[in-house]
Amino acid sequence: LKSQLKAMMEEEKASRRTDEEILEEERAKIGEGVPVTQETFAEWKRARDARVAQSKEDVKQRRIDEGRLSGRELCEGGLVETG
C-alpha cells in the first residue's frame, strides 16, 4: 500500500507541468502581435481612456435616470442648491 501510494505520488509529480511550461504554452497561444512602440501605445492609451470616460459617463447617466445619486454627486452636479 505504501509503495503504491509512493508510486502514485511520484507519477503525479512527474506529470505536473512547471510554471515555466505553462507560461510558454500561453505565450505560444498568443503568437506574434503588434510590436509596442510609443506611437502604438499612445494610440491604445487614447482609445482606452475614451472607453473608460464613456463608461463612467454611462454609469453616471444611469444613476441620474434611476435617481440614485449621492449627496456629493447632487451638489457637484448642480442638481441641488447649496445655501
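Note that this is a predicted model, so its numbers are computed, not measured.

Student: How do you make sense of the pattern of salt bridges when you look at a structure like this?
Tutor: When their charged atoms lie close together, side chains carrying opposite charge are able to pair. Under the defined criterion, the tally for this structure stands at six salt bridges. Across the pair Lys 29 and Glu 26 runs a salt bridge whose closest N-O atoms are separated by 3.3 Å. Note that Lys 29 and Glu 26 are positioned in helix 2 (residues 19-30) at a spacing of three residues, about one turn of the helix. Taking relative accessible area as the criterion, Glu 26 reaches 39% and is therefore assigned partly exposed. Ionic pairing is found between Arg 68 and Glu 66, a salt bridge with its closest N-O pair at 3.3 Å.

Student: What is the right way to look at the packing of aromatic side chains in this model?
Tutor: Applying the stated criterion to the full structure yields one aromatic pair. Summarising the aromatic geometry, the rings of Phe 41 and Trp 44 are spaced 5.6 Å apart at their centres and angled 35° between planes, so their arrangement reads as tilted. Remark: Trp 44 and Phe 41 occur in helix 3 (residues 38-66); sequence separation between them is three residues, near one turn of the helix. For Phe 41, a relative accessible area of 43% puts it in the partly exposed group.

Rules used in this analysis
Residues numbered from 1 in each chain as written. Predicted model: local features only at pLDDT ≥ 70, side-chain atom pairs only at ≥ 80, totals over all residues. Heavy atoms only, no water. Salt bridge = Lys/Arg side-chain N within 4 Å of Asp/Glu carboxyl O. Helix = DSSP H or I, 4+ residues; strand = E, 2+ residues; numbered from the N terminus. Buried < 20%, exposed > 50% of the residue type's maximum accessible area, 1.4 Å probe, protein only. Phe/Tyr/Trp six-rings, centres within 6.5 Å; stacked < 30°, edge-to-face > 60°.

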